[in-house]
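So you can see what is in the structure, the chains are spelled out below.
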Amino acid sequence: MITTLRKTVSKHDVNQVKEDAMEGKCVVLDLVGDEKYVYAYNDAVRLERKEAEVLGYLMDHVMISCSKHSVEQAIWYGRPVGNSAVKRYIASLRRKLAQANGA
């Protein structure tokens, strides 16, 4: 069963949670610093800010079909973006996560 629960982690607990992610117990999307990372299964993947926002949105809506329009509204707040912006960020995420998994 896949469950998603985004929660804030204290500075005290952050290293333990990242270790848990590296052991495959969870996935951590670190949005705190200037550099954004996703930690999972023995890998840390650096993300661009918008990639991290898109991934966070998709993680919050796991097992739900998300339209391109809903992602645009959530990430760009109705500001005009190019027709391929969402596709480009998702393709980049797929590429980075596949490389992290050795695919």
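Here we summarise the structure given alongside this text. Small disclaimer: the values here were computed from a predicted structure and weren't measured. (Residues numbered from 1 in each chain as written. Predicted model: local features only at pLDDT ≥ 70, side-chain atom pairs only at ≥ 80, totals over all residues. Heavy atoms only, no water.)

## Considering the overall build of the chain
So, step 1. Regarding its fold elements, the chain presents four helices and three strands.
So, step 2. In sequence order, the secondary structure elements of the chain are arranged as α-β-β-β-α-α-α.
So, step 3. Compactness check: the chain gives a C-alpha radius of gyration of 14 Å against a globular reference of 13 Å for 103 residues, within 12% of the reference.
So, step 4. For the chain, the spread of C-alpha atoms along the principal axes amounts to about 40 × 30 × 30 Å.
So, step 5. Taking all 103 residues of the chain together, 27% fall into the buried category.
So, step 6. Contacts in the chain between residues at least 24 apart in sequence constitute 34% of all its contacts with a sequence separation of at least 6.
So, step 7. Taken as a whole, the chain presents about 7,400 Å² of accessible surface, with 52% of it coming from carbon and sulfur.
So, step 8. In the chain, which carries 16 positive and 13 negative side-chain charges, the distance between the mean positions of the two groups comes to 8 Å. (Helix = DSSP H or I, 4+ residues; strand = E, 2+ residues; numbered from the N terminus. Rg over C-alpha atoms; globule rule 2.2 N^0.38 Å. Buried < 20%, exposed > 50% of the residue type's maximum accessible area, 1.4 Å probe, protein only. Contact = heavy atoms within 4.5 Å. Areas by Shrake-Rupley, 256 points an atom, 1.4 Å probe, with all protein chains shown as cover. Lys, Arg positive; Asp, Glu negative; His and termini not counted. Charge placed at Lys NZ, Arg CZ, Asp CG, Glu CD.)

## What about the packing of helix α2 (residues 49-60) against helix α4 (residues 85-100)?
So, step 1. Packing of α2 against α4 brings their axes to within 10 Å, and their N-to-C directions diverge by 85°. What the angle tells us is that α2 and α4 run roughly perpendicular. Contact residues: α2 offers K50, E51, V54, L55 and L58, while α4 offers Y89, I90, S92, L93 and K96.
So, step 2. Here the residues of the contact of α2 with α4 are counted per class, giving six nonpolar, one polar and three charged. (Axes fitted to C-alpha atoms, helices over the stretch in contact; angles between N-to-C directions. Parallel < 35°, antiparallel > 145°, perpendicular 65-115°, else oblique. Nonpolar A, V, L, I, M, F, W, Y, C, P; charged D, E, K, R; others polar.)

## A short note on the pairing of strand β3 (residues 43-47)
So, step 1. The pairing of strand β2 (residues 36-40) with β3 spans five bridges and is classified as antiparallel. Bridge pairing links K36 to L47 in β3.
So, step 2. Taking the residues between adjacent antiparallel strands as the criterion, β2 and β3 are bridged by two residues, where Y41 takes a positive phi near 45°. (Pairing = 2+ DSSP bridges.)

## Structural notes on the pattern of salt bridges
So, step 1. Counted by the stated rule, this structure contains eight salt bridges.
So, step 2. Between K25 and D20 there is a salt bridge whose closest N-O contact spans 3.9 Å.
So, step 3. With relative accessibility at 19%, the residue D20 sits in the buried group.
So, step 4. K50 serves as the salt-bridge partner of E53, at 3.3 Å between the closest nitrogen and oxygen. Taken as a pair, E53 and K50 lie in helix α2 at a separation of three residues, close to a single helical turn.
So, step 5. Since its relative accessible area comes to 26%, E53 is described here as partly exposed. (Salt bridge = Lys/Arg side-chain N within 4 Å of Asp/Glu carboxyl O.)

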